[in-house]
Amino acid sequence: MTRTLLPTPVPVLASVAAVLLFTGCGSPSGEDAHRAAAAAALGRDQLTDTTWAEIQSEAESTCEEEEGVFALATTMTAEDDAELALRRVNVEHVCPDRLAELDEVVAGLPG
């Protein structure tokens, strides 16, 4: 039985490349750095592939949040140091343009 490989449409490849570039994890070293920082934030030596996939999905969602939701979610995670540290790592690696926004919310937290 022979298998015929169908070419991947150029727009699909371009979209995938754009997503990888936009997330900052397009290079193996960027993804490795993000994964290591996420593991450290959670107090682990390493992450399982399943946990890492969940963290990547969470990071993407975090970066897509509207301003009010971003602030509220940051405030809600502030009670758990590891979760807040992970949120910061995700912002640093996936949407560093929102880091000042995160810092502003954290600075306004009580305590």
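Okay, so let's go over this structure. (Residues numbered from 1 in each chain as written. Predicted model: local features only at pLDDT ≥ 70, side-chain atom pairs only at ≥ 80, totals over all residues. Heavy atoms only, no water.)

On to the packing of helix 4 (residues 67-77) against helix 6 (residues 99-107), then. Relative to each other, helix 4 and helix 6 sit at 50 degrees, their axes nearing to 10 Å. Accordingly, the angle class assigned to the pair helix 4 and helix 6 is oblique. Relative to helix 6, the crossing made by helix 4 is right-handed. Together, E67, F70, A71, T74 and T75 of helix 4 and E101, L102, V105 and V106 of helix 6 make up the contact between the two elements. The class makeup of the residues in the contact of helix 4 with helix 6 is 5 nonpolar, 2 polar and 2 charged. (Axes fitted to C-alpha atoms, helices over the stretch in contact; angles between N-to-C directions. Helix = DSSP H or I, 4+ residues; strand = E, 2+ residues; numbered from the N terminus. Parallel < 35°, antiparallel > 145°, perpendicular 65-115°, else oblique. Left-handed = near helix turned anticlockwise from the far one by under 90°. Contact = heavy atoms within 4.5 Å. Nonpolar A, V, L, I, M, F, W, Y, C, P; charged D, E, K, R; others polar.)

So, about the state of the cysteines. As enumerated under the stated definition, the model contains 1 disulfide in all. Here C63 is linked by a disulfide to C95, with a sulfur-sulfur distance of 2.0 Å. Taking the sign of the torsion about the S-S bond as the criterion, the disulfide between C63 and C95, at about -75 degrees, is left-handed. Note that C63 is positioned in helix 3 (residues 49-64) and C95 in the loop between helix 5 (81-94) and helix 6, a separation of 32 residues in sequence. Among the residues examined, C63 registers a relative accessible area of 17% and is labelled buried. (Disulfide = S-S within 2.5 Å. Buried < 20%, exposed > 50% of the residue type's maximum accessible area, 1.4 Å probe, protein only.)

What follows is about the nonpolar core. Counting residues in each nonpolar core, the largest one holds 8 residues, listed as A38, A39, A41, L47, W52, I55, L86 and V89. When residues of this core are traced back to their parent elements, those giving at least two are helix 2 (28-41), helix 3 and helix 5. Considering every element that reaches this core, the biggest residue donor is helix 2, with 3 residues. Setting aside anything within four residues of it in sequence, one finds I55 in contact with A38, L42, L47, L86 and N90. (Core = buried A, V, L, I, M, F, W, Y, C linked by side-chain atoms within 4.5 Å.)

Applying the stated criterion across every chain, the model contains 0 aromatic pairs. The positively charged end of R98 is found above the aromatic ring belonging to F70, 4.1 Å away from the centroid. (Phe/Tyr/Trp six-rings, centres within 6.5 Å; stacked < 30°, edge-to-face > 60°. Lys NZ or Arg CZ within 6 Å of the ring centre and 35° of its normal.)

As a further point, take helix 4. Turning to helix 4, its buried residues number three or more, namely F70, A73, T74 and T77. The arc that holds every buried residue of helix 4, seen down its axis, measures 100 degrees, which confines them to one face. Among the exposed residues of helix 4, those pointing more than 90 degrees away from its buried face are G68, L72 and M76. Where helix 4 is buried, its residues meet helix 3, helix 5 and helix 6. (Arc of directions from axis to C-beta.)

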